[in-house]
Amino acid sequence: MKKNIFYLILIGAAMCITTSCSDDFFDVKTTNRLTADDAAAATDADPSKTASFVDAIYNVLVQYDLVSTNHDSFGLMAVLHARDMMTEDIVMSKLHWFNYDYQHDNRDQTYRRTNVVWTYFYTAIANANTVLAMTSPESVNKEILAARGQAYALRGMSYYYLIQLYQHLYPISGSGDRPGIPLYYAQNEGKENLLGRNPVKEVLAQIEEDLTTAVDNLKGWTRNSKNQVDYSVANGLLARYYLLSEQWDKAVSAAQEARSGYEIMPASSLFDGFMSINNAEWMWGYDHNAETTSLYASFFSQISNTTGGYAGLGYAPRLIDKRLYESIPATDERLKLFQNTAGSLVPANADPQTTVVWKLPYANLKFGYDGAFTMDYMYMRASEMVLIEAEALAQKGSGAQAATVLKTLLSKRDPAWNASSVTVDDVWWQRRIELWGEGASCFDLQRLNKGIDRNYEGSNHEAASKLTIPAGDNRWIYQIPQRETNENPEIPESANND
């Protein structure tokens with residue numbers, strides 16, 4: 001009962017924070033209980049009633065700190081940035097927000113990071129289940145199907161991240177019986193909530209079921225904006241899952257379907273291509289405005305050296321790893337997204353309030369400034385789908401096919417690139433460059449069973465953070481929050497990660 005009350009509080013708080021909390025919403029709450037059948041009948045009669053509940057899930061993904069009042073907690077992008085900081089690809093030149101993540105010292109059960117991550121994703125799951133409970137699985141209404149499809153997609157995505165954050169999955173074929181995470185369902189799904197550490201194989205099966213259902217429900221529906229998950233994005237989420245679960249043929253198909261109709265941005269767009277949802281390559285993101293931006297407590301505050309936030313003002317500039325930078329060919333246009341050692345590259349846009357930290361050697365210029373601190377959050381791009389397809393082909397041993405696919409991207413990035421065949425590591429290197437700072441790097445290390453070495457000769461990493469951490473080390477995964485082990489009898493302290 002205690003557990004149920006906790007999640008009801010989360011649902012109610014998230015709804016009131018992220019929607020207008022209409023009179024109808026409170027009327028529902030004052031009744032004895034709104035049954036799943038009653039809710040489904042009401043929303044089937046007026047599908048627009050589900051819109052604010054679906055929006056609530058998206059708003060949780062950008063919600064500023066559901067747990068405390070700290071500037072390293074601003075939704076999904078904070079989770080992804082925290083993981084990126086654990087790799088060797090990003091350098092924090094001064095210790096500030098995210099420094100404990102950078103130093104691989106932010107995983108313990110009593111720490112904020114694991115509490116925030118757990119709360120964000122399970123709040124999104126709870127809100128997705130609310131949408132599913134208030135809509136009929138038998139409905140043929142296109143808007144109802146779309147609402148359910150988005151809910152399934154966001155629930156599946158949440159489980160996809162959670163299982164990687166709280167358990168080692170390599171090798172995927174041998175991880176099936178390892179303890180995973182709780183699974184929660186909507187009232188009308190006919191399933192009991194599974195509050196314990198369900199085996200990895202059961203969690204993976206649920207992710208696949210959620211995402212394939214999302215694809216089916218979203219087919220043929222046209223979204224209102226790129227804030228929403230549609231058929232292409234659901235396929236993109238499924239492609240990520242198939243890459244994780246090593247279902248190579250399915251990864252190829254899903255990635256192809258996902259990027260159908262999208263363009264790869266030309267080199268001329270790179271300098272403004274990572275802050276506007278209107279970019280032709282962006283598949284999914286969050287369209288920020290003056291009312292939704294969280295200013296200093298935001299992704300761009302932390303990563304952009306040209307925005308007047310923590311990075312740009314010099315508190316903690318973000319640089320690219322020297323060794324990675326030096327591996328980029330001179331013919332590759334992406335080299336210009338990072339400052340050279342002379343500090344002679346001038347960014348197209350910079351906040352006049354900022355210092356000139358963008359002149360620092362290896363400073364990233366990728367994430368810019370739009371003049372109003374309302375840069376959009378990017379969740380998925382067509383380039384990633386090319387990289388998924390190429391890696392899946394390389395994993396199958398089809399290196400020549402993988403090279404052909406990869407050229408779709410690299411013809412817009414490095415005109416000199418003309419490989420006839422590529423390996424998995426070749427594609428991984430391209431992922432490190434193309435998706436730098438976008439939240440993929442740590443998850444790639446985990447699924448490919450790779451560690452980090454920041455302690456090489458000439459390393460530009462901060463002195464106290466020149467770490468060497470092998471693959472499979474427990475520092476890669478979080479402990480389950482102490483609050484959860486205290487309140488959930490199905491996960492005692494003895495069941496926590498070491």
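See above for the structure.
Calculation notes
- Residues numbered from 1 in each chain as written.
- Predicted model: local features only at pLDDT ≥ 70, side-chain atom pairs only at ≥ 80, totals over all residues.
- Heavy atoms only, no water.
- Helix = DSSP H or I, 4+ residues; strand = E, 2+ residues; numbered from the N terminus.
- Rg over C-alpha atoms; globule rule 2.2 N^0.38 Å.
- Buried < 20%, exposed > 50% of the residue type's maximum accessible area, 1.4 Å probe, protein only.
- Lys, Arg positive; Asp, Glu negative; His and termini not counted.
- Charge placed at Lys NZ, Arg CZ, Asp CG, Glu CD.
- Expected span 1.5 Å × (residues − 1).
- Salt bridge = Lys/Arg side-chain N within 4 Å of Asp/Glu carboxyl O.
- Phe/Tyr/Trp six-rings, centres within 6.5 Å; stacked < 30°, edge-to-face > 60°.
- Pairing = 2+ DSSP bridges.
- 1 Å grid on protein atoms, 1.4 Å probe; cavity = no way out; pocket = protein on both sides within 12 Å on 5 of 7 lines; lining within 4 Å.
- Points joined across faces, edges and corners; volume = space filled by probe spheres on them.
- Nonpolar A, V, L, I, M, F, W, Y, C, P; charged D, E, K, R; others polar.

J.: Just to check I follow, could you spell out the overall build of the chain for this structure?
T.: The helix and strand tally for the chain stands at 18 helices and 6 strands. Taken over the C-alpha trace, the chain has a radius of gyration of 22 Å; the compact-globule value for 498 residues is 23 Å, and the two agree within 12%. Its C-alpha atoms put the chain at 70 × 45 × 45 Å along the principal axes. A buried classification covers 61% of the 498 residues belonging to the chain. One way to put it: in the chain the 43 positive side-chain charges average out to a point 4 Å from where the 60 negative ones average out.

J.: How should I be thinking about helix 14 (residues 382–395) in this particular structure?
T.: In an α-helix, one full turn covers 3.6 residues, which means residues spaced three or four apart are oriented alike. Given a rise of 1.5 Å per residue, 14 residues ought to cover 20 Å, and the 20 Å separating the end C-alpha atoms of helix 14 matches this to within 8%. Where helix 14 terminates, the next one or two residues include Gly397, which has phi positive at roughly 95°.

J.: Help me out: how do you make sense of the pattern of salt bridges in this one?
T.: Side chains carrying opposite charge are able to pair once their charged atoms draw close together. Taken as a whole and assessed by the stated rule, the structure comprises 29 salt bridges. We note a salt bridge from Arg155 to Glu189, for which the minimum N-O separation is 2.7 Å. Of this pair, Arg155 sits in helix 8 (residues 142–165) while Glu189 sits in the loop between helix 8 and helix 9 (200–218), placing them 34 residues apart in sequence. Comparing Arg155 with Glu189 shows no difference in burial state: the two are buried. Lys201 is paired through a salt bridge with Asp177; the nearest N and O atoms lie 2.8 Å apart.

J.: Would you explain the packing of aromatic side chains in this entry?
T.: One pair of aromatic rings is described through two measures. These are the centre distance and the angle between the planes. For the coordinates displayed, the defined rule picks out 19 aromatic pairs. For the ring pair Phe121 and Tyr161, a centre distance of 5.7 Å and an interplane angle of 25° mean the geometry is stacked. Placement of the pair is Phe121 in helix 7 (residues 112–133) and Tyr161 in helix 8, with a sequence separation of 40 residues. Here Phe121 and Tyr161 have matching classes, each one buried. Judged by centre distance (4.8 Å) and plane angle (65°), the ring pair of Trp284 and Tyr379 falls under edge-to-face. Placement of the pair is Trp284 in strand 2 (residues 282–286) and Tyr379 in strand 4 (residues 377–381), with a sequence separation of 95 residues. A relative accessible area of 1% means that Trp284 is categorised as buried. Cluster of aromatic residues (ring-pair linked, three or more members): Trp118, Tyr122, Tyr166, Tyr184 and Tyr478.

J.: Would you take a moment to explain the pairing of strand 4 for this structure?
T.: Successive residues of a regular strand alternate their side chains across the two faces of the sheet. Counted residue by residue, strand 4 has 5 buried out of 5 residues, so it is predominantly covered. Here strand 2 pairs with strand 4 via 4 bridges, running antiparallel. Looking at strand 4, one finds that Trp284 is bridged to Met380.

J.: I keep staring at empty space enclosed by the protein and nothing clicks. Help me out?
T.: The gaps of empty space that remain are located by a probe, the size of a water molecule, rolled over the atoms. Counted according to the given criterion, the structure contains 5 cavities of 30 Å³ or more. By volume, the largest cavity amounts to about 290 Å³. Along its surface, the largest cavity is lined by 21 residues, and Arg240, Glu384, Arg431, Gly439 and Ala440 are the ones closest to its centre. Of all the secondary structure elements, the ones that give two or more residues to the lining of the largest cavity are helix 8, helix 10 (231–244), strand 4, helix 14 and helix 17 (441–448). Ranked by the residues each element gives to the lining of the largest cavity, the list is headed by strand 4, at 4 residues. Grouping the constituent residues of the lining of the largest cavity by class yields 12 nonpolar, 2 polar and 7 charged. Of the voids in this model, the second largest cavity is the one considered here, and its volume is about 70 Å³. Forming the walls of the second largest cavity are Asp84, Asp89, Ile90, Arg431, Arg432, Leu435, Trp436, Gly437, Ala440, Ser441 and Asp444. Among the elements of the structure, helix 16 (424–434) and helix 17 are those that each provide at least two residues to the lining of the second largest cavity. Residues belonging to the lining of the second largest cavity are distributed by class as follows: 4 nonpolar, 2 polar and 5 charged.

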